[in-house]
Amino acid sequence: MKKRVYEVAEDIKIPAKELIDFLKKEGISVKNHMSALDEETIEIIKVALAEEKMKVKQEKEEEKKIITLDRPPNLKELSVQLNLPLSKVMQLASKLGKVPSIERELPWGIAEKIYKQHNIKVNLSGNLKKLLKSKVIKDSELTSTIKSPVITIVGHVDHGKTTLLDVIRKSDITKKEAGGITQHIGAYVVNLKNNRFVFIDTPGHEAFTTLRARGVKATDIVVLVVAADDGVMPQTVEAINHARAANVPIIVAINKIDKANANIDKVKKELSKYQLVAEDWGGDTLVVEISALQKKGIDELLELISLQAEMLELKANPELPAIGVVIETRLDKGKGVLGTVLIQDGHLKIGDYFVVGTTYGRVRSIMDDIGKHITYAGPSTPVEITGFNQMPRAGDIFQVVASDHFARIIINEREMEERRTEKKEEERVSLENLFEEMKKGKLKELNIILKADTQGSLDALQESLANLSNEEVEVKIIHGGIGTISETDIMLAYASNALIVGFNVTADSMAQKLAKNEKIEIRTYNIIYDLIDEVKAALKGYLKPKLVEVTNGIAEVREIFKLPRIGIVGGCYVTEGKISTKDHIRVLRNEQQIYEGKDFSLKHFKEDVKEVHSGYECGIHIEKFDDLQAKDTIVFYNFKEVAR
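Please read these numbers as outputs of a predicted model, since none were measured by experiment.

Visitor: So what's going on with the packing of aromatic side chains? Which residues, and what values?
Guide: Applying the stated criterion to the full structure yields eight aromatic pairs. Judged by centre distance (5.7 Å) and plane angle (20°), the ring pair of Tyr 188 and Phe 199 falls under stacked. In this pair, Tyr 188 is assigned in strand 7 (residues 187-192) and Phe 199 in strand 8 (residues 195-200), connecting sequence segments eleven residues apart. A relative accessible area of 3% means that Tyr 188 is categorised as buried. Ring centres of Phe 354 and Phe 388 lie 5.1 Å apart, and the angle between their planes is 70°; on these two criteria the pair is classed as edge-to-face. Residue Phe 354 is found in strand 16 (residues 353-356), and its partner Phe 388 is found in strand 20 (residues 381-388); the two are separated by 34 residues along the sequence.

Here's what the structure looks like:
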């Protein structure tokens, strides 16, 4: 089956002109975008294009910037070499080890890693090679150790999250001997059976969605608690979707198995609808049956968490300067600003300088999760610290830097960046701007959060909206639920750049306020077809129109004339429609195409004309084509754009 050049170009997603140029380079002759290509030629094109792309990719990989060094660079020199702001280079270097002042040479191990990250090849002078050989270079990568997993427990209200947290926390005998839990800092460490776990004790999925909205991954594993007597509920579904959006593995804990009306199979069946299929049902989701009240299955749950952590291969390097995330903050009259920080990698000690968002400071005190004052904290350790110059935001990245001078330079640059960002209004997706976003190539999928009044309405809408996906954009229902549009829906929409669509529901006042602040669009409908049609219409806006061939007229060659200074002219009779000089033509002989093009002229008697209607005679001269014969058929056609 033959295809035209423009159709092949559309299939392989390159401009027709680019394809024509490529074909000419490959020695395949085509006249224009209407030329027909056979299947064998199309296959040759695809293979040749794939090879071309691979060649370009290899050339780019080989096209490394090369610099020659006779000594390790300092931060200022590195900033110039990388063409990056000094503050960015300072942050990069601070993550990789202890950095001296801005003017002093960087440790070679740090500089070398930064060069590699930025695809820069370094030629070392003979003197520098000798110098590096004479020094014992400590490779901080060799000190990487296994990192304890950070876990968040989520689930529907009253399904036993709090009870489970309490049971796990109180089962740590070491803490009991230390006098029980005396301090609440939003996270705690549990040591059981030679395993160390860190639990974030916050309002569940809202926490890691808020953090994710700021580009932070604070949680390694999510434990989803589902009551065996109640099954999957709206907040369960919400928690699943939030965990998925954050790309965090889920372990399911089916709680309350001690209850008389517990139905574990029913719960597993309901979970399978959300692609959480238990291993004993042929899936790959880790599921454990527990009773938090009777303390049954807790050891098995912790073993599964250990197993999942092993699969994730979590690693950290305690020798690096600390990097982490602020979980929560509060103001104390006596101590000032207190921030709970989860150290994710590296180490923190008293006296360290740090930056957090547009806040900075020096660590004055460190307290662990049981209220004990400590001087050092390693990876996967939640601590409460003092020393902030002002209140940081939860979700901001915490990073130790070399000095107060470092901190001030980084903060100044961040404040300038914030001011620049504030001037540009943040572009959030809306039904009105879908077409513009698509034209800019920014939008490949339309994320939707769907809320409805009943399960029946929700199921019908999910299916209808998902079916609107096409080859240019995927409609993705990232969360579907029943009931009022809430703050957590807005937070998920913010983190995922999603639209919120409601059917027979409203948004509560807090959700409306948050949506306004974060510029999240909420659309509500009372008629199901209005909802589907409006999304469909918006999607149509950013589908490129399809070019469809339209036959305008047909002429039959009845006589051939040879005219001086002109050449061959066909004496023709228009049998159908209307023919025009604006058309393309195709000459057929015995139903086989022998010519295709656009260079021709029309004559009626001796006059040049632009169009001829059916039932009339005319003369047709085709440029650079002298093979016209009587009984040939000439098809006149053009193209029109059809919305898809």
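Visitor: Please set out the side chain of Arg 523 residue by residue, giving values where relevant.
Guide: Here Arg 523 lies in strand 25 (residues 522-525). Its relative accessible area of 15% is what places Arg 523 among the buried residues. There is a polar contact of 2.6 Å between the side chain of Arg 523 and the side chain of Glu 521.

Visitor: Help me get a handle on the nonpolar core, residues and values and all.
Guide: Among the nonpolar cores identified, the biggest contains 27 residues, and Leu 164, Ile 168, Phe 199, Leu 301 and Ile 305 are the most heavily contacted of them. Secondary-structure elements contributing two or more residues to this core are strand 6 (150-155), helix 8 (161-170), strand 7, strand 8, strand 9 (221-227), strand 10 (250-255), strand 11 (286-289) and helix 13 (298-312). Tallying contributions element by element places helix 13 first for this core, with six residues. Excluding anything up to four places from it in sequence, Ile 168 contacts Ile 153, Val 190, Phe 199, Ile 298, Leu 301 and Leu 302. Ranked by size, the runner-up nonpolar core spans 25 residues in total, among them Val 89, Ala 93, Val 99 and Ile 110.

Visitor: Quick rundown of the sheet that holds strand 24 (residues 499-503)? Include the residues and the values.
Guide: Ordered by their spatial adjacency, four strands build an open sheet running 23-22-24-25, and the pairing between neighbours is parallel. Edge positions in the sheet fall to strand 23 (474-482) and strand 25, since each of these pairs with one other strand and no more. Each strand axis lies, on average, 25° off the axis of its neighbour in the sheet, ignoring direction. Relative to strand 23, strand 22 (residues 445-452) runs parallel, the two sharing eight bridges. Within strand 23, the position partnered with Glu 445 by the bridge is Glu 474. Together, strand 22, strand 23 and strand 24 form the strand contacts of helix 16 (residues 455-466), whose direction differs from that of strand 23 by roughly 175°.

Visitor: How would you explain the packing of helix 17 (residues 487-496) against helix 18 (residues 509-518) if you had to name every residue and give the values?
Guide: Where helix 17 meets helix 18, the axes come as close as 8 Å, and the angle between the chain directions of the two elements is 20°. As the angle between them shows, helix 17 and helix 18 are arranged roughly parallel. Viewed along their axes, helix 17 and helix 18 form a crossing whose handedness is right-handed. Of the residues in helix 18, those touching helix 17 at Glu 487, Ile 490, Met 491 and Tyr 494 are Met 510, Ala 511, Leu 514, Ala 515 and Glu 518. Of the residues belonging to the contact of helix 17 with helix 18, the class tally is seven nonpolar, no polar and two charged.

Visitor: Help me get a handle on the packing of helix 11 (residues 234-245) against helix 17, residues and values and all.
Guide: At a minimum axis separation of 11 Å, helix 11 and helix 17 run at an interaxial angle of 20°. When the axes of helix 11 and helix 17 are compared, the pair comes out roughly parallel. Pair helix 11 / helix 17 crosses with left-handed handedness. Facing helix 11, whose interface residues are Glu 238, His 242 and Ala 245, helix 17 presents Thr 488, Asp 489, Leu 492 and Ser 496.

Visitor: Can you explain the environment of Cys 618? Please cite residues and give values.
Guide: Position of Cys 618 among the secondary structure elements: in strand 33 (residues 617-622). Sequence separation between Cys 618 and His 604 is 14 residues; the distance between their C-alpha atoms is 4.8 Å. Setting aside residues up to four positions removed in sequence, Cys 618 forms contacts with Gly 570, Gly 571, Cys 572, Val 574, Ile 579, Leu 602, Lys 603 and Val 612.

Criteria and cut-off values
Residues numbered from 1 in each chain as written. Predicted model: local features only at pLDDT ≥ 70, side-chain atom pairs only at ≥ 80, totals over all residues. Heavy atoms only, no water. Phe/Tyr/Trp six-rings, centres within 6.5 Å; stacked < 30°, edge-to-face > 60°. Helix = DSSP H or I, 4+ residues; strand = E, 2+ residues; numbered from the N terminus. Buried < 20%, exposed > 50% of the residue type's maximum accessible area, 1.4 Å probe, protein only. Polar contact = N/O pair within 3.5 Å; in protein donor to acceptor, adjacent residues only side chain to side chain. Core = buried A, V, L, I, M, F, W, Y, C linked by side-chain atoms within 4.5 Å. Contact = heavy atoms within 4.5 Å. Pairing = 2+ DSSP bridges. Axes fitted to C-alpha atoms, helices over the stretch in contact; angles between N-to-C directions. Parallel < 35°, antiparallel > 145°, perpendicular 65-115°, else oblique. Left-handed = near helix turned anticlockwise from the far one by under 90°. Nonpolar A, V, L, I, M, F, W, Y, C, P; charged D, E, K, R; others polar.

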